[in-house]
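What follows is each chain in one-letter form.
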Amino acid sequence: MTFTNQLRKENDDIFQLIFEHPFVEGIGKGDIAKSAIEHYVKADFEYLNAFMKIYGLALAKSTSRKDIMYFHDKISFILHDEIHPHHNFCDYIGVGYESLQGHSLPPTADHYIKHMMYHAQLGTLGEILGALLPCPWTYLEIGKELMEKYQPKEDHPFYQWIRFYADSRVENTTNDMRMLLDRYAEHISPDEKLRIKDAFRKSCQLELKFWEMAYSLEQWPSDGKQAIHS
Ligand SMILES: Cc1ncc(CN)c(N)n1
């Protein structure tokens, strides 16, 4: 079994909890509270900004042109393509995308970003990949699950969102990242493998918590104005 197949198997409990989460089910049913979508997009815009910066740090640790191109292309994908699912949500709630940008992060999104940053700053390329991989992988599987279960047509309010994440481009991103990590894991110590497993599982858990954060409109105990990450 490949290393990433092993990671997927060991974290199937979290993947299943994600598929069952009411926000995710709500995307399939076309029924989510507008306030929860707004909370999600505000946090996810900042999350994706941080994700691109972490791709940049991974790029800096790359040892081949091929890997540099991978991270470069994925930054471009977020900038130019992954805005579409956000637009789908914004259109549904009737709010302009710009007004949801630049907000402070709720606790879970803040923690998730810092978890990835920790591995990007202090870890190996393998640890970074372990922390990043649940992002495309869980969304790809959500897209496929929802596509199969609800078979949405074009008039479904979240058709664009579901189609985007079930698409082959997200599948390619996931498979390419898996290949990078599998290749990397062929020559590492058992200790490093454990650190990658820990980074991967925490990111899966934080993916689940991110949905819950949006669904429950999670806030810091005091809603004092906090500066956003730059
Ligand atoms: C929190 C989160 N995780 C994953 C994805 C999919 N790239 C996302 N947009 N946001």
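A quick note: this is a predicted structure, and the numbers were derived from the prediction, not measured.

1. Quick look at the UniProt feature "domain: Thiaminase-2/PQQC" (unreviewed entry) in the chain
Part 1: Mapped onto this structure's residue numbering, the UniProt feature "domain: Thiaminase-2/PQQC" (unreviewed entry) falls at residues 12-215.
Part 2: End-to-end, the C-alpha atoms of residues 12-215 are 22 Å apart, and along that stretch the chain is 80% helix and 0% strand.

2. What to know about the site of the ligand
Part 1: The environment of the ligand is formed by Asp44, Tyr47, Leu48, Cys135, Pro136, Tyr139, Glu207 and Phe210.
Part 2: Looking at the shell around the ligand, the elements that each hand over two or more residues are helix H4 (34-60), helix H9 (134-150) and helix H12 (190-215).

3. A short note on the nonpolar core
Part 1: Core analysis: the largest hydrophobic core is formed by 59 residues, its most contacted members being Ile54, Ala109, Ile128, Leu129, Leu132, Tyr165 and Ala214.
Part 2: Apart from residues no more than four positions distant in its own chain, Leu129 is found in contact with Met177, Leu180, Leu181 and Tyr184.

4. Details of H12
Part 1: The end-to-end C-alpha distance of H12 is 38 Å, a good match for the 38 Å that 26 residues give at a rise of 1.5 Å each.
Part 2: Taken from the residues just after H12, Leu217 is the one with a positive phi, measuring 50°.

5. A short note on the confidence of the model for the chain
Part 1: Counting all residues, the mean pLDDT for the chain is 95, and 97% of those residues have values of 70 or more.
Part 2: The complex model carries a pTM of 0.95, and its ipTM stands at 0.99.

6. Section: the packing of H4 against helix H6 (residues 83-93)
Part 1: With their axes 10 Å apart at the nearest point, H4 and H6 run at an angle of 150° to one another. Note that H4 runs across H6; the crossing there is left-handed. Contact with H4, carried on its side by Lys34, Ile37, Glu38, Tyr40, Val41, Asp44 and Phe45, involves His86, Phe89, Cys90, Tyr92 and Ile93 of H6 and no other residues of that element.
Part 2: Looking at the contact of H4 with H6, its residues break down into eight nonpolar, one polar and three charged.

Rules used in this analysis
Residues numbered from 1 in each chain as written. Predicted model: local features only at pLDDT ≥ 70, side-chain atom pairs only at ≥ 80, totals over all residues. UniProt positions renumbered as here; feature names shortened; annotations may be inferred. Helix = DSSP H or I, 4+ residues; strand = E, 2+ residues; numbered from the N terminus. Near = placed C-beta within 6 Å. Core = buried A, V, L, I, M, F, W, Y, C linked by C-beta atoms within 7 Å. Buried ≥ 20, exposed ≤ 12 C-beta atoms within 10 Å, placed from the backbone. Contact = placed C-beta atoms within 7 Å. Expected span 1.5 Å × (residues − 1). pLDDT = per-residue confidence, 0-100. Axes fitted to C-alpha atoms, helices over the stretch in contact; angles between N-to-C directions. Left-handed = near helix turned anticlockwise from the far one by under 90°. Nonpolar A, V, L, I, M, F, W, Y, C, P; charged D, E, K, R; others polar.

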